[in-house]
Amino acid sequence: MSDDSDRDELVVAARRAADNAYAHYSGLRVGAALAFADGTVVTGTNVENASYGLSLCAETAAVAKAMDDGHRGGLERVAVFADTAEPVTPCGRCRQVLHELAALGGTDPLVWCANGSDAFAIRLSELLPHAFGPQTLG
Ligand code: THU
């Protein structure tokens, strides 16, 4: 399978996940999809809360699902989708949350940032250089 079809498949999974968003307050429906070395894809969506600050981002929800499924590393690719003017990039907290899971397996996942018409890919290490993580604590 080519890199492009990998991307398309993962971006489609993220877009589909966004359909389940609980974006009651912001109206911004975000989806995330995580692709693992074993072929598994785990998706997540944003889950907002009346206490706004408690809202969960799509990427964080996906990481929680993946870890609940037993994943500890093996994170190879990520896609995040929202119907925004520019392709959406993971927020700072989500970069940190993704880094924890990736670092457990020593990978530097390619992160596809997408909207309805465009997508670009960037390494997690470029989104979060000099990251604090489990390797920092030893
Ligand atoms: N959001 C995500 O799900 N992921 C991000 O990386 C950025 C922001 C969500 C949080 C909130 O529900 C909505 O987008 C508006 O900020």
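Rules used in this analysis
Residues numbered from 1 in each chain as written. Predicted model: local features only at pLDDT ≥ 70, side-chain atom pairs only at ≥ 80, totals over all residues. Heavy atoms only, no water. Near = heavy atom within 4 Å. Polar contact = N/O pair within 3.5 Å; in protein donor to acceptor, adjacent residues only side chain to side chain. Areas by Shrake-Rupley, 256 points an atom, 1.4 Å probe, with all protein chains shown as cover. Nonpolar A, V, L, I, M, F, W, Y, C, P; charged D, E, K, R; others polar. Helix = DSSP H or I, 4+ residues; strand = E, 2+ residues; numbered from the N terminus. Buried < 20%, exposed > 50% of the residue type's maximum accessible area, 1.4 Å probe, protein only. Pairing = 2+ DSSP bridges. Axes fitted to C-alpha atoms, helices over the stretch in contact; angles between N-to-C directions. Contact = heavy atoms within 4.5 Å. Right-handed = clockwise from strand over helix to strand, strands pointing away. Core = buried A, V, L, I, M, F, W, Y, C linked by side-chain atoms within 4.5 Å. Parallel < 35°, antiparallel > 145°, perpendicular 65-115°, else oblique. Left-handed = near helix turned anticlockwise from the far one by under 90°. Phe/Tyr/Trp six-rings, centres within 6.5 Å; stacked < 30°, edge-to-face > 60°.

*Asks:* Any details on the site of the ligand? Residues and values, ideally.
*Replies:* Around the ligand sit Ser26, Leu28, Val30, Asn46, Glu48, Cys57, Ala58, Glu59, Thr89, Pro90 and Cys91, and that is every residue in its neighbourhood. Contact distances for the ligand include 2.8 Å between an oxygen atom and a backbone N or O atom of alanine 58. At 2.7 Å from an oxygen atom of the ligand is found a side-chain nitrogen or oxygen belonging to glutamate 59. Burial of the ligand by the protein amounts to 79% of the accessible area it has alone, namely 380 Å². For the shell around the ligand, a count of residues per class yields six nonpolar, three polar and two charged.

*Asks:* Account for unusual backbone geometry, naming residues and giving values.
*Replies:* In this model, histidine 130 sits at a positive phi of 55°, which is unusual for a non-glycine residue. Tracing the chain through its elements places histidine 130 in the loop between α4 (124-127) and α5 (134-137). Note on histidine 130: relative accessible area 83%, which makes it exposed.

*Asks:* Describe in detail the sheet that holds strand β1 (residues 30-36), supporting the description with residues and values.
*Replies:* With mixed pairing, five strands are arranged side by side in an open sheet as β2-β1-β3-β4-β5. Of all the strands in the sheet, the pair left with one neighbour each is β2 (41-45) and β5 (119-123). Looking at each pair of strands side by side, their axes are set apart by 20° on average, direction ignored. For β1 and strand β3 (residues 75-82), the ladder comprises seven bridges, and the chain directions are antiparallel. Bridge pairing links valine 30 to alanine 82 in β3. The strands touched by helix α2 (residues 58-68) within the sheet are β1, β2 and β3, with β2 carrying the most contacts at an inclination of about 135°. Across the face of the sheet, helix α3 (residues 92-104) comes into contact with β1 and β3 while running at roughly 160° to β3.

*Asks:* Give me the pairing of β3: which residues, what numbers.
*Replies:* With seven of eight residues buried, β3 is to be regarded as a mostly interior element. The sheet contact formed by β3 and strand β4 (residues 110-114) spans five bridges and is parallel. Within β4, the residue paired with valine 80 across the bridge is cysteine 113. In this region the chain leaves β3, passes through α3 and returns to the parallel neighbour β4; the handedness of that crossover is right-handed.

*Asks:* Explain the nonpolar core to me, using residue names and the numbers behind them.
*Replies:* If you look at the biggest cluster of nonpolar residues, it comprises 22 residues, and the most contacted ones within it are Leu34, Phe36, Leu75, Leu98, Leu101 and Val111. The residues contacting leucine 34, other than those within four sequence positions of it, are Leu10, Thr40, Val41, Val42, Ala62, Val63, Ala66, Leu75, Arg77, Val78, Leu98 and Leu101.

*Asks:* If you had to explain the packing of α2 against α3 to someone new, which residues and values would you point to?
*Replies:* Packing of α2 against α3 leaves a shortest axis separation of 9 Å and a crossing angle of 25°. Here α2 lies roughly parallel to α3, going by the angle between them. At the point where α2 passes α3, the crossing takes the left-handed sense. Note on element contacts: α3 touches α2 through Arg93, Cys94, Val97, Leu98, Leu101 and Leu104, opposite Glu59, Thr60, Val63, Ala66 and Met67. Residues belonging to the contact of α2 with α3 are distributed by class as follows: eight nonpolar, one polar and two charged.

*Asks:* Before we move on, can you summarise the packing of aromatic side chains with the specific residues and values?
*Replies:* On inspection of all chains with the given rule, the structure shows one aromatic pair. Both rings, one in tyrosine 25 and one in tyrosine 52, keep their centres 5.3 Å apart while their planes meet at 45°; by these two values the pair is tilted. Taken together, the residues span a long stretch of sequence, with tyrosine 25 in the loop between α1 (3-18) and β1 and tyrosine 52 in the loop between β2 and α2 at a distance of 27 residues. Tyrosine 52 gets classed as exposed once you look at its relative accessible area, which sits at 60%.

Take it as geometry only, folks, not as evidence of what the structure does.
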